[in-house]
Amino acid sequence: MQYQIIKYGTDAYTASLNLRHETLRVPLGMDLFDGSYDDLSNEARYFHFGAFSDDGELLASVLGIPTSTKEVRIKQMVVSKTLQNQGVGKRLFMAFEAFLLNLGFKEFILHARMTAHGFYLNMGYQILGDKFQEVGLDHYKMRKTFFPSSD
Ligand SMILES: CC(C)(COP(=O)(O)OP(=O)(O)OC[C@H]1O[C@@H](n2cnc3c(N)ncnc32)[C@H](O)[C@@H]1OP(=O)(O)O)[C@@H](O)C(=O)NCCC(=O)NCCS
């Protein structure tokens, strides 16, 4: 298994869109591509990262949106259904965090589905505030700070 950046516009990027669509949107009766909820127009400036099998198949992906020079919002973490609960998500997430830290980001924010927030607790994230609704599902805002902020 290889954990590496996905370049925008490549076949791997298209595979990640399809995985996000199938895993996160189809079960909710939504369509990632129809523009009704997801805005894909800014994705060239996002960080895309994936887990690949030895023969190059995309098995999991995640993206990050820089919101300042220090903060990044992590979104749409997905592992292919047949590979969930086998440690792929954890290894991908750790590799992505290391990649983002290397770029200078120190504060990581995400909106976790209630059903998945235990995964992020496991990864050292803390819940911020009360649960809220997004895409019709309960979510928690969560954060992980790697170094104390001096400001
Ligand atoms: C949530 C998801 C990304 C986790 O990836 P994964 O590969 O299945 O998780 P891992 O096997 O790497 O699990 C790592 C650890 O987190 C825990 N964990 C995984 N999913 C969990 C969940 N939904 N709730 C609580 N804990 C969870 C595991 O038990 C494991 O704990 P351990 O290290 O003590 O053994 C994946 O299951 C997934 O794609 N789910 C569907 C899409 C989704 O909900 N994405 C998140 C949107 S916010």
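This section reports on the structure supplied with the text. Here the residue index of a chain counts from 1 through its sequence in written order. Since the coordinates come from a predicted model, pLDDT governs what is reported: local features require at least 70, and pairs of side-chain atoms require 80 or more to be given and counted, while whole-chain, interface and lining totals use all residues.

Regarding its fold elements, the protein chain presents three helices and seven strands. Secondary structure elements of the protein chain, listed N to C terminal, follow the sequence β-α-β-β-β-α-β-α-β-β. Radius of gyration here uses only the C-alpha atoms, and the compact-globule reference equals 2.2 Å multiplied by the residue count raised to the power 0.38. Scaling as 2.2 N^0.38, a compact globule of 151 residues should have a C-alpha radius of gyration of about 15 Å, and the protein chain matches this with 15 Å. Dimensions of the protein chain, computed from the C-alpha atoms along their principal axes, are close to 45 × 35 × 30 Å. Residue burial is a threshold on neighbouring C-beta atoms within 10 Å of the residue's own C-beta, all placed from the backbone, with 20 or more meaning buried, 12 or fewer meaning exposed, and counts in between meaning partly exposed. Out of the 151 residues in the protein chain, the part that is buried amounts to 25%. What counts as a contact is two residues whose backbone-derived C-beta atoms lie within 7 Å of each other. Contacts spanning at least 24 positions in sequence make up 55% of the contacts within the protein chain whose residues lie at least 6 apart. Strands here mean DSSP runs of E at least two residues long; helices mean DSSP runs of H or I at least four residues long; both are numbered from the N terminus.

The next thing to look at is the nonpolar core. Note on definitions: a nonpolar core is a set of buried residues drawn from Ala, Val, Leu, Ile, Met, Phe, Trp, Tyr and Cys, linked by C-beta atoms within 7 Å. Counting residues in each nonpolar core, the largest one holds 26 residues, and the members touching the most others are Val62, Ile74, Leu92, Phe96, Phe108, Leu110 and Met142. Looking at this core, the elements that each hand over two or more residues are helix H1 (11-25), strand S2 (47-52), strand S3 (58-66), strand S4 (71-79), helix H2 (88-102), strand S5 (107-113) and strand S7 (137-145). The greatest single-element share of this core, amounting to five residues, is contributed by S4. Apart from residues no more than four positions distant in its own chain, Met142 is found in contact with Leu110, Ala112, His117, Tyr120, Tyr125, Gln126, Ile127 and Leu128.

Any helix carries an expected span of 1.5 Å times its number of residues minus one. Counted at 1.5 Å a residue, the expected span for H2 with its 15 residues is 21 Å, and the 21 Å between its end C-alpha atoms agrees. For H2, the set of buried residues is Gly89, Leu92, Phe93, Phe96, Glu97 and Leu100. All buried residues of H2 fall inside an arc of 135 degrees around its axis, so they share one side. Projecting away from the buried face of H2 at angles above 90 degrees are the exposed residues Met94, Ala98 and Asn102. In this structure, the buried residues of H2 make contact with strand S1 (2-5), S2, S3, S4, S5 and helix H3 (117-122). Gly104 occupies a position one or two residues after H2 and carries a positive phi of about 105 degrees. Read the arc as the range of directions from the helix axis to the C-beta atoms.

This part covers the site of the ligand. Here, nearness is defined through the C-beta atom: a residue counts as near a molecule or strand if that backbone-placed atom lies within 6 Å of it. The environment of the ligand is made up of 19 residues, and the closest members are Gln84, Gly89, Lys90, Ala116 and Gly118. Mapped by element, the contributors of at least two residues to the shell around the ligand are H1, S4, H2, S5 and H3. Only Asp, Glu, Lys and Arg are considered charged in this grouping, and only Ala, Val, Leu, Ile, Met, Phe, Trp, Tyr, Cys and Pro are considered nonpolar; every other residue, Gly among them, is considered polar. Residue composition of the shell around the ligand, grouped by class: eight nonpolar, nine polar and two charged.

The next point concerns the pairing of strand S6 (residues 126-134). Walk down a regular strand and you will see the side chains alternate between the two sheet faces. The buried fraction of S6 is low, at zero of nine residues. Strand direction decides the pairing type here: S6 and S7, joined by six bridges, are antiparallel. Within S7, the residue paired with Leu128 across the bridge is Lys141. Here S6 folds back onto S7, and the loop between the two strands holds two residues, one of which, Val135, carries a positive phi near 45 degrees. For two strands to be treated as a pair, DSSP must find no fewer than two bridges joining them.

The pairing of S3 with S4 spans six bridges and is classified as antiparallel. In the strand pairing of S4, Ser61 is matched with Val78. The antiparallel pairing of S3 with S4 creates a hairpin that spans four residues between the two strands. When the strands point away from the viewer, a crossover counts as right-handed if the route from the first strand across the helix to the second turns clockwise. The parallel pair S4 and S5, bridged by H2, forms a crossover whose chirality is right-handed.

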